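Residue strings, one per chain:
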Amino acid sequence: MKKIVVVLFVILAFCGRNEKGNIILTSNYPLKLILQEITKGRFAVECLVPPSVSPHTFQPKPSDIAKIEKSVLFFYTSDLLDQWISKSIENKISVFNFLPISKKLTFEDGKTYDPHFWTDPTAVIAIIDSLAKIISNVDAVNSSFYLANADTFKTKLAKLDISTDLRLNPIKGKSIFLFHPSFRYFLNRYGLQYGGSVEEIPGAEPTPNHISNIIDRIHKSGTKAIFSEPQLNPNSAKVVAEIANVRLYELDPLGNHLEIDTYEKLLLYNTEILLKAMQ
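Summarised in this report is the structure supplied together with it. (Residues numbered from 1 in each chain as written. Predicted model: local features only at pLDDT ≥ 70, side-chain atom pairs only at ≥ 80, totals over all residues. Heavy atoms only, no water.)

Another point: the pairing of strand β1 (residues 23–26). On a regular strand, one side chain projects to one face of the sheet and the next to the other, so that they alternate. Bridge analysis of β1 against strand β2 (residues 44–47) gives 4 bridges, and the strand direction is parallel. When the sheet's bridge partners are listed, I24 is paired in β2 with V45. Note on the crossover from β1 through helix α3 (residues 29–39) to β2: the handedness is right-handed. Pairing of β1 with strand β3 (residues 73–76) involves 3 bridges; the strand directions are parallel. In the sheet register, L25 faces β3, and the bridge partner there is F74. (Pairing = 2+ DSSP bridges. Helix = DSSP H or I, 4+ residues; strand = E, 2+ residues; numbered from the N terminus. Right-handed = clockwise from strand over helix to strand, strands pointing away.)

To continue, consider the pattern of salt bridges. Scanning the model with the defined rule gives 12 salt bridges in all. Between E37 and K156 there is a salt bridge, and its shortest N-O distance comes to 3.4 Å. Within this pair, whereas E37 is found in helix α3, its partner K156 is found in helix α6 (residues 143–167), the two being separated by 119 residues in sequence. Between K220 and D216 there is a salt bridge; the shortest N-O distance is 3.3 Å. Of this pair, K220 and D216 both sit in helix α8 (residues 208–221), 4 residues apart, which is roughly one turn of that helix. Taking the relative accessible area as the measure of exposure, K220 reaches 66% and is therefore exposed. (Salt bridge = Lys/Arg side-chain N within 4 Å of Asp/Glu carboxyl O. Buried < 20%, exposed > 50% of the residue type's maximum accessible area, 1.4 Å probe, protein only.)

It is worth spelling out unusual backbone geometry at this point. A positive phi is found at K40, a non-glycine position, where the angle reads about 50 degrees. Following the sequence through the fold, K40 ends up in the loop between α3 and β2. Here the phi dihedral of N245 falls at roughly 60 degrees; this positive angle occurs in a residue that is not glycine. Mapped onto the fold, N245 is located in the loop between α9 (235–244) and β10 (247–250).

In this section: the sheet that holds β2. Ordered in space as β2-β1-β3-β4, the 4 strands form an open sheet in which the pairing is parallel. Either end of the sheet is taken by a strand with one partner, and the two such strands are β2 and β4 (92–94). Taken pair by pair, the neighbouring strands of this sheet meet at an average axis angle of 25 degrees, ignoring direction. (Axes fitted to C-alpha atoms, helices over the stretch in contact; angles between N-to-C directions.)

Further remarks concern the packing of aromatic side chains. Enumeration according to the criterion identifies 10 aromatic pairs in this entry. The interplanar angle of 35 degrees and the centroid separation of 6.1 Å between the aromatic rings of F43 and Y146 together place this pair among those described as tilted. Of the two residues, F43 sits in the loop between α3 and β2 while Y146 sits in helix α6, which places them 103 residues apart along the sequence. On the basis of relative accessibility, which here comes to 4%, the residue F43 falls in the buried class. Exposure remark for Y146: the relative accessible area of 0% places this residue in the buried category. Arranged with centres 5.0 Å apart and planes meeting at 75 degrees, the rings of F58 and W84 form a pair that is edge-to-face. (Phe/Tyr/Trp six-rings, centres within 6.5 Å; stacked < 30°, edge-to-face > 60°.)

Across 4 bridges, the pairing between strand β7 (residues 175–178) and strand β8 (residues 193–197) is parallel. The residue bridging L178 from the neighbouring strand is S197, located in β8.

A few words on the environment of P202. When you line up the elements, P202 lands in the loop between β8 and α8. Spatially, the C-alpha atom of P202 lies 21 Å from that of S175, the residues being 27 residues apart in sequence. If we skip the residues at most four places from it in the chain, P202 touches H56, T57, H180 and L232. (Contact = heavy atoms within 4.5 Å.)

Put into structure tokens, the structure is as follows:
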């Protein structure tokens, strides 16, 4: 049923392309970085939610909704992450739906899927063909161009995965405590242990019991650092770091730093932060 809906949408998008211009819109910056590798300038790929803002807390303005409706294609992660997206928006495509179940992680309840898949390059590889086919259906004349770019990007990601795995060898097996569970795919891929998160619900202050539990787990793990994020208020992470007597570093799941203009740079940036903090 989902495939039928996607095909129907692609047909409608193709028919209305002249009216909607040449813009592919994404809900977050990592998706922009991924899609621009496929389009290579044939479409203008724009990100709706600034990389300095968490999609968990983003609230769209009427102008944002209008921009979505005017785009040729609107790719978002999932309803689990982008809860601000209205069900009434017709031209939306969830990229998380293209990720095989075997690649999806669940949260600690064992039922709810974790949507932060893009921190694992092999998970990105798993959705590239689906993205390229959708874009090719909208612009069939240049289909071979998009499919070739997809193959090139997959090769680049495979090499990036290998180099990242080797780079992280010195810290494999160590416990990593996050601000909120945005890097679990990365940790799972590269043999790092997820210790827990300061804020399990983004934007919601953790309870005293939860802070006490996290501090106890930090002490038992022997870790020397925990991590905040630039998109969320770090005050609770600072409190935990001070009480637990560990250093506080900053991981960036969305690419808030100006120098991050490719997916590769996003992954390498966070890899180096982890190495610096944990070695």
